[in-house]
Amino acid sequence: MSVVLHGRLGWVLDSCSLIDRGYSPCIRWREKQKSAVKCSFKRQCFHVFKSYYNENNRAGVDAGNTEVLQKTCKPSKKRKRKHHELNQGEIDSLVFHKKIKSVILEGTKYLVDSAQPLGYLNGQTNVDKEPLPSQESKLAALCEMAKDLPLVEDEEQERGAQLLVGEDGCTSHVDLFSQVTENKADWATVVTLMGEEYVIPPHTAFLLSDFTRIQPLVHSGHSLLVSHTDGTRFDLIVMDPPWENKSVKRSHRYGSLPSSQLKRLPIPLLASPNCLVVTWVTNRPSHLRFVRDELYPHWGVEVVAEWFWVKVTTFGQFVFPLDSPHKKPYEVLVLGRYRCSADISESPSETSEVPVEDQRLIVSVPSALHSQKPSLSEVLKPYIGAEAKCLELFARSLQPGWTSWGNEVLKFQHVSYFNLTPVDEKAEVEDDRTTKEKQAQGFDSPGKT
């Protein structure tokens, strides 16, 4: 089950299963020949067995979840730092944490306790011993190089999306940097792009670019993915900005972006009336204040809720001490509704919206891969509708039925992150039909509390 549990305080997700739902069936194209393959994301990426605060100690795991959660609240024993006065940022962080601590602690306990009888967060016995994939992403560097290419004329931009795979299985003509690319097939597709193989989910559109080349996304109004005439308008926009912080600067894992630059994103040109806008925010209060008080008002977005992604081990422990002064086991999501200007006509169906509850928790085992967030497609569906048009900005992976943009938009689609096994195509179709029948009968529905 991808959504293990939907309770009154939030959700428990199986992030790996959420990814896998989009890859059956899957076709691999090689030299204009296709073959069926079984495709699944490498589950060892989600094997987080021990809390990072004490990697050599799993004491208390079998003593009951309440004790485990309490243990993870204790700060780790580290070398003492010289006493110093807290700066304003540290004071703000402490105040914010005290405000939400009980929500995180009590809500996580409730959701983990509810998920464990369903066989989840009890630890994992079948451990895949393979090392984590370590594919080096060169996509951002390629985007930098693409800046030197001539810009596409507006008339060409307005042609909309280009097909990922032609009828002959050829992908060599695809321009990933200046035109939206789309897989409109009903199946996932493994194709060669820029000399590397990538797994592309069905009914997916994406643009590999940075700020300087985001216009094709805005101009893709006649996209093959979207049958509506207002193809540039989305009902859901999710973004995970590369926030500036000391850890990123030290690690050089990815390029960060000054907060002020986020205002350049053309959200008013991309959002439909009452579009739900969701932004991942770090635990720095200055970033949270910026989103709530500057960024959203600049776009005409009204804040409606704050949610929390709580990261736990496969045993239900917090991955970091809850009271750690450095890293916290949770991240914040700010949800808002785009309130369009009066000159855009709205039908009654467009103005209706489902209220978004405040302070909901999303509990899951995080990926061991840096900056891989869980998919929000299932938890947000009740607030946007099943047929909503969805967009992810600063994406590092693709989702079925979504449009994605970013300078590393294919990062976690590389074949090195997947298990690919040749299968008999007829047997695969039969297995897929059986799975869908079980889902229709409710065998894959999440537990509710």
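Each remark here, short or long, concerns the structure printed above.
Source: prediction; values computed, not measured.

Student: I keep staring at the overall build of the protein and nothing clicks. Help me out?
Tutor: Helices and strands together make up the secondary structure of the protein, namely twelve helices and 18 strands. Considering only intrachain contacts with a sequence separation of at least 6, the fraction spanning at least 24 residues in the protein is 75%. Here the protein displays about 22300 Å² of accessible surface, and carbon together with sulfur accounts for 49% of that area.

Student: Sorry if this is basic, but what is going on with the environment of L105 here?
Tutor: Within the fold, L105 resides in helix α3 (residues 88-115). We classify L105 as partly exposed; its relative accessible area is 25%. Taking the C-alpha atoms as reference, L105 lies 8.0 Å from L322; in sequence the two are 217 residues apart.

Student: Please explain the environment of A205 as it appears in this structure.
Tutor: Positionally, A205 belongs in strand β9 (residues 204-208). In sequence terms A205 and E182 are 23 residues apart; their C-alpha atoms lie 4.1 Å from each other.

Student: How should unusual backbone geometry be read in this particular structure?
Tutor: One can expect most non-glycine residues to show negative phi and most peptide bonds to be in trans. Backbone torsion omega between S24 and P25 reads 0°, so that peptide bond is classified as cis. Within the secondary structure, P25 is located in the loop between α1 (15-20) and β3 (26-30). Although it is not a glycine, L121 adopts a positive phi angle of roughly 65°. Among the structural elements, L121 can be located in the loop between α3 and α4 (139-146). On the basis of relative accessible area, L121 is assigned to the buried category, the value being 5%. A positive phi angle, close to 55°, is found at Q359, a residue other than glycine. Looking at the element boundaries, Q359 is found in the loop between α10 (348-351) and β14 (361-364). The class of Q359 is partly exposed, set by a relative accessible area of 31%.

Student: Please clarify how the sheet that holds strand β17 (residues 418-422) should be interpreted in this entry.
Tutor: Whether parallel or antiparallel, the strands of a sheet pair through hydrogen bonds between backbone atoms. In space, the five strands of this open sheet follow the order β8-β7-β3-β4-β17, with mixed pairing throughout. The sheet is open, and its two borders are formed by β8 (196-200) and β17, each paired with just one other strand. For this sheet, the mean angle separating the axes of adjacent strands, direction not counted, is 35°. Across five bridges, the pairing between strand β4 (residues 33-41) and β17 is antiparallel. Considered in β17, the bridge of F41 is made with F418.

Student: Help me out: how do you make sense of the pairing of β9 in this one?
Tutor: It is a general feature of regular strands that their side chains alternate between the two faces of the sheet. Within β9, five of the five residues are buried, leaving the element largely enclosed by the surrounding structure. Here β9 shows a buried face lined by T204, F206 and L208 and a second buried face lined by A205 and L207. Judged from the three bridges that link them, strand β6 (residues 181-183) and β9 form a sheet pairing that is antiparallel. Each residue of the ladder has a partner; that of E182, found in β9, is A205. Inspection of the sheet shows β9 paired to strand β16 (residues 402-406) by four bridges, in the parallel sense. Note on β16: the bridge partner recorded for L207 is W405.

Student: Explain the pattern of salt bridges here, please?
Tutor: Pairing of side chains with opposite charge becomes possible as their charged atoms draw close. With the rule as written, the count across this model stands at 16 salt bridges. Of the charged contacts, one joins R30 and E197 as a salt bridge, the two residues approaching to 3.2 Å between their closest N and O atoms. On the criterion of sequence distance, the pair formed by R30 in strand β3 and E197 in strand β8 is long-range, its members being 167 residues apart. Given the relative accessible area of 47%, R30 is considered partly exposed. Residues K373 and D240 are paired through a salt bridge, measuring 3.1 Å at the closest nitrogen-oxygen approach. Placement of K373 in the loop between β14 and α11 (377-384) and of D240 in the loop between β10 (234-239) and α7 (246-251) is noted, with a sequence separation of 133 residues between them. Look at K373 and you get partly exposed, because its relative accessible area is 24%. On the accessibility criterion, D240 (8% relative accessible area) is buried. Ionic contacts of the salt-bridge type, sharing partners, join the residues D240, K311, E331, K373 and R396 into one network.

Student: Could you clarify how one ought to interpret the state of the cysteines in this entry?
Tutor: In a disulfide, the sulfur atoms of two cysteines are held together by a covalent bond. Tallying each qualifying case throughout the model produces zero disulfides. Unpaired in terms of disulfides, C26 finds its nearest cysteine sulfur in C39, a separation of 4.4 Å. In this structure C26 comes out as buried when scored by relative accessible area, which is 1%. Not engaged in a disulfide, the cysteine C45 finds its nearest cysteine sulfur in C16; these two sulfurs lie 7.4 Å apart.

Student: Can you help me understand helix α9 (residues 285-299) in this one?
Tutor: Note that an α-helix has 3.6 residues per turn; residues three or four places apart therefore point the same way. Over its 15 residues, α9 extends 20 Å from the first C-alpha to the last, a length consistent with the 21 Å expected when each residue adds 1.5 Å. Bending of α9 peaks at approximately 40° at the position of V291. Here α9 has its buried residues at P285, H287, L288, F290, V291, L295, Y296 and W299. Where the residues of α9 are buried, they touch α3, β10, α8 (267-270), β11 (271-281), β12 (301-311) and β13 (330-338).

Student: Any chance you could explain the packing of aromatic side chains here in plain terms?
Tutor: Here the distance between the centres and the angle between the planes together describe a pair of aromatic rings. For the structure on display, the rule yields 15 aromatic pairs. An angle of 75° between the planes, with centres 6.3 Å apart, marks the rings of F211 and F394 as edge-to-face. Taken together, the residues F211 in the loop between β9 and α6 (215-219) and F394 in the loop between β15 (390-393) and β16 connect sequence positions 183 residues apart. Just as F211 is buried, F394 falls in that class too.

Basis of the calculations
Residues numbered from 1 in each chain as written. Predicted model: local features only at pLDDT ≥ 70, side-chain atom pairs only at ≥ 80, totals over all residues. Heavy atoms only, no water. Helix = DSSP H or I, 4+ residues; strand = E, 2+ residues; numbered from the N terminus. Contact = heavy atoms within 4.5 Å. Areas by Shrake-Rupley, 256 points an atom, 1.4 Å probe, with all protein chains shown as cover. Buried < 20%, exposed > 50% of the residue type's maximum accessible area, 1.4 Å probe, protein only. Pairing = 2+ DSSP bridges. Axes fitted to C-alpha atoms, helices over the stretch in contact; angles between N-to-C directions. Salt bridge = Lys/Arg side-chain N within 4 Å of Asp/Glu carboxyl O. Disulfide = S-S within 2.5 Å. Expected span 1.5 Å × (residues − 1). Bend = angle between axes of the 7 residues up to and from the residue. Phe/Tyr/Trp six-rings, centres within 6.5 Å; stacked < 30°, edge-to-face > 60°.

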